[in-house]
Amino acid sequence: MSEELKLLEQFSFWQITWRRFKRHKLAIAGLVMVILMTAFSFAGPLIWKVSPSYIPLNPSVFLPPGSPGYPLGTDSLGRDILARLMFGGKVSMFVGFLSTAVSIFLGVMIGLAAGYYGKIVDSLLMRFTDVFLTIPTLPLLMSLAVVFRRITPVLETEFRLGIFAGILPIVMVMAFLGWMVTARLVRGQVLSLREQQFIEASKAIGARDSKVMWGHLLPNVMAPIIVSATLSIGGNMVWEASLSFLGLGVSPPATSWGQMLQGATIWALLPSYWYLILLPGFALFFTVLSFNFIGDGLRDALDPRLKV
């Protein structure tokens, strides 16, 4: 018996996947970085209890990193950069994770229906997907961001969401424009699986369509979905940063790394106050790069064509 078959008998699919994933050094480094940045953004405010939007009565502006009471300095309004980096990371990751989750859900729903039912359903859903794929992303993203921001006051007053009222419109916009790749990916996988014997057996014993799709087809297409989701998180964080940089993203008093970059674009000040743009820029760069490394590692680990 070959070594591959022995491993398949000893370990489950996900245990083998983890063994493969551990061999990808960059993916492990990315996972460690994501864990650190997540702890910094979500657990950091529990230790460093400073409001990111607090402006002192007599603000000390443009303090450099290492100043007493301000480890990473202050910005042009005297706000603490460390607190803003923590809160900005929380918002950027929240937007990335939530928008990815919604877009993946939409893509899975459409891809499963198109691949399973085929014929007219497949044609209609794929042509609908093709229409969205032909739309220029950034102009539509900017336009929808402006439109959806009009619902922010409603979210604040009716649902009392506070600062998250300015975040949800951005999540809605990116989810609205980010489901197409997942839909095509799932549809292709389902087309190759629906003629398999285990699917035919499920139909033969009277299983409902929903049971076949969610109970049998979906678990078998989870691997590419996980890889797509991991790569999409970093991409959505970049889109959020782009919108915030253009002034169409997260609304104050909330902040994000992209909004911090937008507030630092006083070019005459950059030679002296470089940390205003480098700190959020490096945080965004390394976090997105880490998610991409994780996605590459998962793609290699979940590829059944590779040796165990």
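Our subject is the structure that appears above.
Here the structure is a predicted model, which is why all the values come from computation and not from measurement. (Residues numbered from 1 in each chain as written. Predicted model: local features only at pLDDT ≥ 70, side-chain atom pairs only at ≥ 80, totals over all residues. Heavy atoms only, no water.)

Draft legend 1. Structural view of the packing of helix α4 (residues 81-117) against helix α5 (residues 119-133). Relative orientation of the contacting elements α4 and α5 amounts to 145°, with a least axis distance of 7 Å. Considering how the two elements wind past one another, α4 and α5 form a crossing that is left-handed. Between α4 and α5, the residues in contact are I110, A113, A114 and Y117 and K119, V121, D122, L125, M126 and T129, respectively. For the contact of α4 with α5, the residue count by class is 7 nonpolar, 1 polar and 2 charged. (Axes fitted to C-alpha atoms, helices over the stretch in contact; angles between N-to-C directions. Helix = DSSP H or I, 4+ residues; strand = E, 2+ residues; numbered from the N terminus. Left-handed = near helix turned anticlockwise from the far one by under 90°. Contact = heavy atoms within 4.5 Å. Nonpolar A, V, L, I, M, F, W, Y, C, P; charged D, E, K, R; others polar.)

Draft legend 2. Main features of the environment of A254. Position of A254 relative to the elements: it lies in the loop between α12 (222-245) and α13 (257-263). C-alpha separation for the pair A254 and S53, spaced 201 residues apart in sequence, amounts to 7.9 Å.

Draft legend 3. Looking closely at the side chain of T287. Position of T287 among the secondary structure elements: in helix α14 (residues 275-302). Classification of T287 as buried rests on a relative accessible area of 1%. If near-sequence neighbours (up to four positions away) are discounted, T287 is found in contact with M37, M93, M237 and W257. (Buried < 20%, exposed > 50% of the residue type's maximum accessible area, 1.4 Å probe, protein only.)

Draft legend 4. Summary view of the nonpolar core. With 27 residues, the main nonpolar core has M237, W257 and L284 as its most contacted residues. Contributions of two or more residues to this core are made by α3 (25-47), α4, α12, α13 and α14. Looking at this core, the element that brings in the most residues is α14, giving 10 residues. When neighbours within four sequence positions are excluded, M237 is seen to be in contact with S92, M93, G96, W257, L284, T287, V288 and F291. With 16 residues, the next largest nonpolar core counts V91, I167, V173 and L248 among its residues. (Core = buried A, V, L, I, M, F, W, Y, C linked by side-chain atoms within 4.5 Å.)

Draft legend 5. Quick look at the environment of G118. The topology assignment puts G118 in the loop between α4 and α5. Residue G118 is classed as buried on the basis of its relative accessible area of 3%. Expressed as a C-alpha distance, the spacing of G118 and L191, which sit 73 residues apart in the sequence, is 8.3 Å. For G118, the residues in contact, after removing those within four places along its chain, are A113 and R194.

Draft legend 6. Main features of a nonpolar patch on the surface. Together, V102, F105, L106, M109 and W214 line one region of the surface with nonpolar side chains, adding up to about 420 Å² of accessible area. The element that contributes the greatest number of residues to the nonpolar patch is α4, accounting for 4 residues. Counting through the fold element by element, L106 comes out in helix α4. A relative accessible area of 32% places L106 in the partly exposed class. (Patch = residues over 30% accessible without salt bridge, like charges linked within 9 Å, V, L, I, M, F, W, Y side chains within 5 Å. Areas by Shrake-Rupley, 256 points an atom, 1.4 Å probe, with all protein chains shown as cover. Salt bridge = Lys/Arg side-chain N within 4 Å of Asp/Glu carboxyl O.)

Draft legend 7. Structural detail: the packing of helix α9 (residues 180-193) against α12. Two elements in contact, α9 and α12, have axes whose closest approach is 10 Å; the angle formed by their N-to-C orientations is 165°. Viewed along their axes, α9 and α12 adopt a mutual orientation that is roughly antiparallel. In this structure, the crossing between α9 and α12 has a hand that is right-handed. Of α12, the residues touching α9 (which contributes T182, L185, V186 and Q189) are P224, I225 and S228. Partitioning the contact of α9 with α12 into residue classes produces 4 nonpolar, 3 polar and no charged. (Parallel < 35°, antiparallel > 145°, perpendicular 65-115°, else oblique.)

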